[in-house]
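Next come the chains, spelled out residue by residue.
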Amino acid sequence: DPQQLELATTNTRKLRRFIVIDEVVDKLYGSKVREYFEENNVQHKILALPTTEETKSMDLVLNILQEVQDFSIDRRTEPIIAIGGGVCLDIVGLAASLYRRRTPYIRVPTTLLSYVDASVGAKNGVNFLQCKNKLGGYTPPVASFLDRSFIQSIPRRHISNGLGEILKMALMKHKGLFDLLKSHGKYLLDTKFQSCSSFDDHGDAALQTTRIAIETMLEELAPNLWEDDLDRLVDFGHLISPELEMRVLPSLMHGEAVNVDMAFMTYVAHARGLIAAEEREQILQCMRGLELPVWHSGCSWALIKRALRERLKHSGGQPRMPLPTGLGVAEIFNDTSEETLEKAYKLWVRD
């Protein structure tokens, strides 16, 4: 906005920013972030915090709010900036939404998972009573700044973790994205989603993959930002994984737990006759190619039943189970019998 730009450049009042940064990201990029604000003559406070699933709590939100209060920000013109992975973005989003009822905030994702998932949409939250994201709200950021260069410093397993959420969108909505992951998955892992012109046979697979993943996510979320409609294809991989992830912390990362859930649901889709055995194997082969787990010992039959009971409580008494009906197409089902689920589970464990 030219008018806003003119105001910012001519305003005699010094710009001020409060930044929350994940402590690991701070060690890698903190000096560059500080240098940026200093060079632009911005008065700033940088709060580095350990943002993990284990620390994702109201205590950390209150800690942030105490620091925000001490720094004293203008809630209309001085957005809080969150720099980190999905947990950091979720915590800061909740803190901002609570401070003075709603303070603007900006998301800067630094992991592949947060780049394609947490940066999109309005949700924020923290874990409570050993339940994932039990407390939270819907407050979209004023902006998300996407920079893939952050991703080059994260470990290979974290790249694979983010690919789990990208694969979710591919299986639900986009056969082309599925084909991209099948063809370029190893290359994306090896290059850590950096655009490399020296590999012409891959084109710009990193840009294509992330762009399609985000666009398909936005297509699903934008018309239903506050989840008024509980039939959501983006819930694929999220029926059993919240229970599994919290139960086995820290052995599974979020995208890995989602993929274990998706692998089981792929067997359910096959048991229902929605996909052929060949399609099921293509999906599992793609998962393995992306170095994602397709099974976990913690995902017992008892845990699956408990997770689906929880699902019923929070989805209007219906399971609302998204299942692939082909590669890149899906529907939501409410009539999967326990017998079918158990049959799928036994085949999954056997394989």
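Residues numbered from 1 in each chain as written. Predicted model: local features only at pLDDT ≥ 70, side-chain atom pairs only at ≥ 80, totals over all residues. Heavy atoms only, no water.

What is the right way to look at the overall build of the chain in this model?
If you tally the helices and strands in the chain, you get 13 helices and 9 strands. Here the C-alpha radius of gyration of the chain, 21 Å, is about what a compact globule of 351 residues would show, namely 20 Å. Overall size of the chain, expressed as C-alpha extent along the three principal axes, is 70 × 50 × 35 Å. For the chain, the proportion of its 351 residues judged to be buried stands at 53%. Sequence-distant contacts, at least 24 apart, represent 75% of the contacts inside the chain between residues at least 6 apart. (Helix = DSSP H or I, 4+ residues; strand = E, 2+ residues; numbered from the N terminus. Rg over C-alpha atoms; globule rule 2.2 N^0.38 Å. Buried < 20%, exposed > 50% of the residue type's maximum accessible area, 1.4 Å probe, protein only. Contact = heavy atoms within 4.5 Å.)

Can you walk me through unusual backbone geometry in this structure?
Generally, phi is negative for residues other than glycine and the peptide bonds are trans, each holding for most cases. Put simply, leucine 249 and proline 250 share a cis peptide bond, and its omega is 0°. Mapped onto the secondary structure, proline 250 falls in the loop between helix H9 (241–248) and helix H10 (254–271). Unusually for a residue other than glycine, asparagine 133 sits at a positive phi of about 50°.

What's the story with the sheet that holds strand E3 (residues 80–84) in this structure? I'm lost.
Within a sheet, neighbouring strands are paired by backbone hydrogen bonds and run either parallel or antiparallel to one another. Reading across the sheet, the 5 strands line up as E2-E1-E3-E4-E7 and stay open at both edges, with parallel pairing between neighbours. Lying at the two open borders of the sheet, with one neighbouring strand each, are strand E2 (43–49) and strand E7 (143–144). Pairing between strand E1 (residues 16–22) and E3: 4 bridges, direction parallel. Following the sheet pairing, valine 20 is matched in E3 by alanine 82. The strands touched by helix H4 (residues 86–98) are E1, E3 and strand E4 (105–109); relative to E3, the strand with the most contacts, the crossing angle is about 165°. (Pairing = 2+ DSSP bridges. Axes fitted to C-alpha atoms, helices over the stretch in contact; angles between N-to-C directions.)

Mind showing me how you'd approach the UniProt feature "domain: 3-dehydroquinate synthase N-terminal" (unreviewed entry) in the chain here?
As annotated in UniProt, the feature "domain: 3-dehydroquinate synthase N-terminal" (unreviewed entry) corresponds to residues 48–160 in the numbering used here. Between the end C-alpha atoms of residues 48–160 the distance is 26 Å, and the span holds 35% helix and 25% strand. (UniProt positions renumbered as here; feature names shortened; annotations may be inferred.)

Explain the domain arrangement of the chain here, please?
Bring the parts together and some accessible area is lost; that lost area is often taken as the interface size. Here the chain is partitioned into domain 1 (14–152) and domain 2 (155–224 + 232–350). Once you take the C-alpha centre of each, domain 1 and domain 2 turn out to be 27 Å apart. Each partner contributes to the interface: domain 1 provides 20 residues, whereas domain 2 provides 29 residues. The contact between domain 1 and domain 2 buries some 2000 Å² in all, and 68% of this surface belongs to carbon and sulfur atoms. Of all residues in domain 1, Leu112, Leu113 and Arg148 bury the most surface against domain 2, accounting for 32% of the area lost on that side. The tally of links from domain 1 across to domain 2 stands at 1 salt bridge. We note a salt bridge from lysine 132 to glutamate 245, for which the minimum N-O separation is 3.3 Å. (Domains from an automatic or database assignment. Buried area = accessible area lost by both parts, 1.4 Å probe. Salt bridge = Lys/Arg side-chain N within 4 Å of Asp/Glu carboxyl O.)

Could you clarify how one ought to interpret the pattern of salt bridges in this entry?
Charged atoms that come close allow side chains of opposite charge to pair. Evaluation of the coordinates by the stated rule reveals 28 salt bridges. For arginine 320, the salt bridge is made with aspartate 231, and the minimal N-O distance between the two is 2.9 Å. On the criterion of sequence distance, the pair formed by arginine 320 in the loop between helix H12 (301–314) and strand E8 (321–324) and aspartate 231 in the loop between helix H8 (205–221) and H9 is long-range, its members being 89 residues apart. When its relative accessible area of 15% is taken as the criterion, arginine 320 is described as buried. Here the salt bridges do not stand alone but share partners, grouping Lys123, Glu227, Arg232, Asp235 and Arg311 into one network.

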